[in-house]
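# Topology and contacts: notes
For reference, the chains in residue letters:
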Amino acid sequence: MGITLESQKGKISLDIGYGGFLMLRKKVAELCSPEFGRHYDTIDKAPFIFGREEYFEKFDAKTEELLKRKAVNPKVVDFCLQSDCEGKIHYGACKEIYKHVKDYDDDVCYGYAGDLDCTMFKDFKNLLKECIDNKCDLIWW
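### A closer look at the overall build of the protein
Within the protein, the regular secondary structure consists of 6 helices and 4 strands. Starting at the N terminus and walking to the C terminus, you meet the elements of the protein as β-β-α-α-α-α-β-α-α-β. The C-alpha atoms of the protein give 15 Å as radius of gyration, which agrees with the globular expectation for 141 residues (14 Å, within 12%). Overall size of the protein, expressed as C-alpha extent along the three principal axes, is 40 × 35 × 25 Å. Considering the protein as a whole, with its 141 residues, one finds that 41% of them fall into the buried category. Contacts spanning at least 24 positions in sequence make up 59% of the contacts within the protein whose residues lie at least 6 apart. Positive and negative side-chain charges in the protein, numbering 22 and 26 respectively, have mean positions lying 7 Å apart.

Here you go:
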């Protein structure tokens, strides 16, 4: 069980695991704003029980400070901080993200290990481009 990312038009969809989605969003955060990328990279370091609430209060305060200083676009933050289980960004957010990631590529498999047709970053860029070209939302569940 994982996450499916899809353009609202439904022409392109990507299947990835929760770990792959976290890695993908960390890369997006880093490419869109190196400062936010360093901050977002700590999101999975929160304690599980004791101190969790305080950790996220500080995390949220830092996020707000970065937004206030315009160190990161709110559309990027929205993509990165929505639930893994269900989310959506409008094509304007896809456009904002795409302008920062369009020239990037890597050989990291963001999909399932061992999958011969593993989701790569270029696949994510194609999905963003489809959403932009068709002025439709990017959705995931």
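Picking up where we left off.
### Section: the environment of Asp 105
By the element assignment, Asp 105 lies in the loop between α5 (91-101) and α6 (121-134). The exposure class of Asp 105 is partly exposed, given its relative accessible area of 44%.

### With respect to unusual backbone geometry
Phi is mostly negative for residues that are not glycine, and the peptide bonds are mostly trans. You will see that Lys 70, though not glycine, has its phi angle at about 60 degrees, which is positive. Here Lys 70 shows up in the loop between α3 (52-68) and α4 (74-81). Its relative accessible area of 74% is what places Lys 70 among the exposed residues.

### Some remarks on α3
In a regular helix each residue adds 1.5 Å, so 17 residues correspond to 24 Å; α3 covers 24 Å between its end C-alpha atoms and thus fits that length. Along α3, the residues that are buried comprise Phe 59, Thr 63 and Leu 66. Projection of α3 onto a plane perpendicular to its axis shows the buried side chains occupying an angular sector of 60 degrees, all on one side. Summarising the geometry of α3, the exposed residues directed more than 90 degrees from the buried face are Glu 53, Lys 58, Glu 64 and Lys 68. For α3, the secondary structure elements touched by its buried residues are α2 (34-40) and α4. Positive phi shows up at Lys 70, right after α3, with a value of about 60 degrees.

Rules used throughout
- Residues numbered from 1 in each chain as written.
- Predicted model: local features only at pLDDT ≥ 70, side-chain atom pairs only at ≥ 80, totals over all residues.
- Heavy atoms only, no water.
- Helix = DSSP H or I, 4+ residues; strand = E, 2+ residues; numbered from the N terminus.
- Rg over C-alpha atoms; globule rule 2.2 N^0.38 Å.
- Buried < 20%, exposed > 50% of the residue type's maximum accessible area, 1.4 Å probe, protein only.
- Contact = heavy atoms within 4.5 Å.
- Lys, Arg positive; Asp, Glu negative; His and termini not counted.
- Charge placed at Lys NZ, Arg CZ, Asp CG, Glu CD.
- Expected span 1.5 Å × (residues − 1).
- Arc of directions from axis to C-beta.

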